Each structure stands twice: as C-alpha cells, then as structure tokens.
Amino acid sequence: MDFPIYPSGLRLSGRRVVVVGGGQVAQRRVPALIAAGAAVSVVSPHVTPSLEGLAGSGEIAWIERGFQAADLDDTWYVIAATRDTAVNEAVSRAAEERRIFCVRADDAVEATAWTPAVGREAGLTVAILGNRDPRRSATVRDEVVASLRDGSLASRHQRARIPGVTLVGGGPGDPELITVAGRKALMDADVVVADRLAPRELLSELPADVELVDVAKLPRGSAASQESINEVIVDRARAGKAVVRFKGGDSFVFGRGYEEVLACQEAGVPVRIVPGLTSPVTVPGLAGIPVTHRGVAHDFVVISGHLPPGHPESLTDWSAVAGLHGTVVLMMAVQNAPAIASALVGGGRDPGTPVAVVCDGAMPTQRTVYATLGSLAGVLEAEGVRPPAIIVVGEVVRVACPEAF
Ligand code: SAH
C-alpha cells in the first residue's frame, strides 16, 4: 500500500457481515467468511448458482434486491463487490457513516480494509497484503505455506511440543527424498538420535538448540549399541523431550525399528511412526532399474544377506528363493554375495541371470556395476565394491540395461 495500514485479525463469529454483489468476487470471498463463523448477508438482485446454493442451505442470507444504506445497520464488516462503481461508492459512504470497515473490490485506494491472501499451516495463519498486486501476494503466501509445510521455514517456537519418540525413516540418503512428515518431525524435535545411513545433510539444518546424538559414537557391537539407543530415546522422552529417531530408508526394513517401538512401549513412552522410502525399491529406481516389469517379473523378494546361506542362524530358505522366477533384491550382502550367488545357481537359477549392484544410492558417489550370477564374485572384487549397496538379481536388470549383457 502507498499509505500506512494496520494489519489485524478479525473475530467475526456470529457478527453480521454484508457482501454487496453476487458475482465471482462475492463468491470467492463468502466461503472464508462462513468459515470464520460470520453471519453473512449477500445483497444483490442476482447471484451465482453457487451463492444461490449457499442461500438455499441456509449458510448465508440472500437479500434479493439492490443495495440500501440500511442494509449496513448492525453490521461489523462489509465487502463492496458489485461491477457498478456507483453502487460500490454508495456502499463505501454508508459504511463510513456507520464506522464500518469496507473492502472495495473495484477500488483499493477508496477502501478502508483489504482482503489478504490467506493460508493456514502449522497452527499459523499467514496473511499477505500486496501493493495492489494480488498475484504476487498469492505467490508469496504459497511459498510461505509450502515452507512451513515442508519444515524449511521453522515454526518451532509456536508449536505444541509433544513429548515422545517419533521413528522417522529418512529415505536412501538424498535430502530431497525424505517425506514431508519426516522433515516436519525433524524440525520439531528437541533431540535427534541419528544413524550412520540417515541423510546427513538434513542434520546440518537442525536448529542450534537441538541435541544431536550420533549413534555411530555409541558403544560398538550390535547388542550393546541397540541397548544404549533404546536407553537414550526412552530417557529423553521421559524427560519431556520430543525425540526423533532418525534412520536411513524405512525404520521397519532391516532397521531394528520395532525393537525401539517395543522398548518405548515397555517404558510407557508414546511412539509414532513416519515411514520412509526404503532402499531396496528406491535405490534400484534411482539407478533406472524397476523391481517389477510387466511380463518379466511378477514378484520381488527382499532379502538380508548379512548371514551366508547355510549359516545356523539364517532364517532364509535359499533353495526356495532360487525356485522363484522374479526379482531378488539383496541388502547388506556385499560380503556374502559370492556365497549367495552360488546358492541361487545351485538351486537352479541360470548363471547368466543379470545382476546390478547399485552402490551409494542417492549419494553423489552413486554408481552401478553389472554382472551375472556366474561372474558376480569376480566383478565385486575387481570393482572394489563396498557397502552400502543394493544387489538386484533378475531379468528386470536386462530390461533396464540391455547393452550391459
Ligand atoms: N532401513 C534401511 C535399510 C537398513 S539395512 C532401508 O529401509 O533402506 C542397510 C542396508 O541397506 C545396506 O547394507 C544396503 O544394502 C542398503 N542401503 C541402504 N541405503 C542405501 C543406499 N543409499 N545405497 C545403497 N544401499 C543402501
């Protein structure tokens, strides 16, 4: 505005608000007034079908004639929205006499009130008043709302802190590939307990007062470290903190997430789950490899390769897996891949079955190495493949990259 204005929020619940005019402008303004609980009267000889519907259902009163100054008696707020400047001027005058603020759809300068571009998110109402440039106001409103929604514009000081633990799956590593809910939970956390494979870049965005517990620095050995993780999350939640347990991929896919759920339940700590994009589907996808393809693979299995076939603690029936026709996705399998490939070939899979090894998925160092079940051991060695990697076995690999075979 070229003149000083004073922004304010109005509580219109139960108060008479008059909209003069029954066209598109009125139709756009009325729903927000109804939502605010205002007692809306629309004055106009004609109205749009949608306003007529609102009158029919009793959500607004329709005064089916031209404007009269007395329409503004007992009124708190008025919107002049006719196409006729003379009528709008009459509304302005009648409003001024009665000391009612008046929005003018046709003349922002003559108006005494303006309708901002409004959005609601994260318990906040965002209202942008533009300098007679509604498109720009709407754009800025959209950007603010989107930033609040994805957590990049923090609203942590207005939030209601909910103590408890939130298990957030961070996706495969690219900070773009976390969910909106995951990002929000991170931004609202008092404490973040992060895994090695959780997307690191997101941690650098955390506000300075957030306590960051790096699991990589907790005692080594899988049992000991899991116990100390459970202890940390339960302990902080009991102290009234909002705790985010931040992992790579999805917490329930070889992420030991449910052990943490049980620990919280035993301790009587509320726990919430935010799923993440899991690497056995996402990492091949990023490398251009579909885990299913019509007419090629009607099933895909995801298997942990952290134990070799035949290991007494292994729960996987490798001969049954070899008997399947679809895609086999192996995780945590770099070390045992040669033994797994032998077991699959031994169980009847063709040694010529295509294999793709996608290393460091979603990271700047991502690369894909191709092999067959027969050549896998040698290729892993020759290429110096190190975890993390996803190994995809099956004809889908040939579909995605025929020139490699
Ligand atoms: N909860 C995670 C998996 C944890 S197990 C998820 O849902 O994705 C760790 C294994 O996941 C690694 O050994 C590797 O096989 C796989 N993995 C996870 N992130 C990966 C990435 N960005 N690139 C390649 N493999 C990945």
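Bear in mind the structure is a predicted one, so any value in this text is a computation, not a measurement. (Residues numbered from 1 in each chain as written. Predicted model: local features only at pLDDT ≥ 70, side-chain atom pairs only at ≥ 80, totals over all residues. Heavy atoms only, no water.)

Another aspect to go through is the sheet that holds strand 10 (residues 211-214). Spatial ordering of the open sheet is given by 10-9-11-8-12, a layout of five strands whose pairing is parallel. At either end of the open sheet lies a strand with only one pairing partner, and these are strand 10 and strand 12 (271-274). In this sheet, neighbouring strand axes are inclined to one another by 20° on average, regardless of whether the strands run parallel or antiparallel. Relative to strand 10, strand 9 (residues 191-194) is paired through four bridges, and the arrangement is parallel. Across the sheet, Val192 pairs through a bridge with Leu212, a residue of strand 10. Those strands touched by helix 7 (residues 257-267) are strand 8 (164-169), strand 11 (242-247) and strand 12, and its axis lies near 170° from that of strand 8. (Pairing = 2+ DSSP bridges. Helix = DSSP H or I, 4+ residues; strand = E, 2+ residues; numbered from the N terminus. Axes fitted to C-alpha atoms, helices over the stretch in contact; angles between N-to-C directions. Contact = heavy atoms within 4.5 Å.)

Moving on, we get to the pairing of strand 14 (residues 327-331). Buried residues dominate strand 14, accounting for five of its five residues. Taken together, the five bridges between strand 13 (residues 300-304) and strand 14 define a ladder with parallel strand orientation. Looking at the pairing, Phe300 lines up with Thr327 of strand 14. This β-α-β element, strand 13 to helix 9 (residues 318-323) to strand 14, shows right-handed connectivity. Here three bridges tie strand 14 to strand 17 (residues 389-393), and the two strands are oriented antiparallel to one another. From the neighbouring strand, Val329 faces strand 17, where its bridge partner is Val392. (Buried < 20%, exposed > 50% of the residue type's maximum accessible area, 1.4 Å probe, protein only. Right-handed = clockwise from strand over helix to strand, strands pointing away.)

What follows deals with the domain arrangement of the chain. Parsing the chain into structural domains produces domain 1 (16-115), domain 2 (116-154), domain 3 (161-274) and domain 4 (281-404). One C-alpha centre belongs to domain 1, the other to domain 2, and the line joining them spans 25 Å. Between domain 1 and domain 2, the residue contacts involve four residues of the former and four residues of the latter. Buried area between domain 1 and domain 2, both sides added, is near 290 Å², and the carbon and sulfur share of it is 72%. The tally of links from domain 1 across to domain 2 stands at zero salt bridges. Across the side of domain 1 that touches domain 2, the residue classes break down as three nonpolar, one polar and no charged. (Domains from an automatic or database assignment. Buried area = accessible area lost by both parts, 1.4 Å probe. Salt bridge = Lys/Arg side-chain N within 4 Å of Asp/Glu carboxyl O. Nonpolar A, V, L, I, M, F, W, Y, C, P; charged D, E, K, R; others polar.)

For the rest of this paragraph, the subject is the site of the ligand. As a structural note, the neighbourhood of the ligand is formed by 19 residues, with Val253, Thr278, Ser279, Gly361 and Ala389 the closest of them. Note that an oxygen atom of the ligand is positioned 3.0 Å from one of the backbone N or O atoms of Met332. Computed on the free molecule, the ligand has an accessible area of 540 Å², of which 92% lies beneath the protein chains in the complex. Counting only elements with at least two residues in the shell around the ligand, the list comes to helix 8 (279-286) and strand 17. Looking at the shell around the ligand residue by residue, the classes come out as twelve nonpolar, five polar and two charged. Looking at which domains feed residues into the shell around the ligand, each of domain 3 (161-274) and domain 4 (281-404) gives three or more. (Near = heavy atom within 4 Å. Polar contact = N/O pair within 3.5 Å; in protein donor to acceptor, adjacent residues only side chain to side chain. Areas by Shrake-Rupley, 256 points an atom, 1.4 Å probe, with all protein chains shown as cover.)

Spatial ordering of the open sheet is given by 13-14-17-15-16, a layout of five strands whose pairing is mixed. On the outer flanks of this sheet lie strand 13 and strand 16 (367-372), each paired with one strand and no other. Strand after strand, the sheet turns through a mean of 20° between neighbouring axes, direction not considered. Pairing analysis gives six bridges linking strand 15 (residues 354-359) to strand 16, with the strands arranged antiparallel. Counterpart to Cys359 in the pairing with strand 16 is Arg367. Together, strand 15 and strand 16 form the strand contacts of helix 11 (residues 376-383), whose direction differs from that of strand 16 by roughly 150°.

With that settled, consider a nonpolar patch on the surface. On the surface, a cluster of nonpolar side chains totalling about 410 Å² of accessible area is made up of Phe254, Val281, Phe300, Val302 and Met332. The residue Phe300 is located in strand 13 in this model. (Patch = residues over 30% accessible without salt bridge, like charges linked within 9 Å, V, L, I, M, F, W, Y side chains within 5 Å.)

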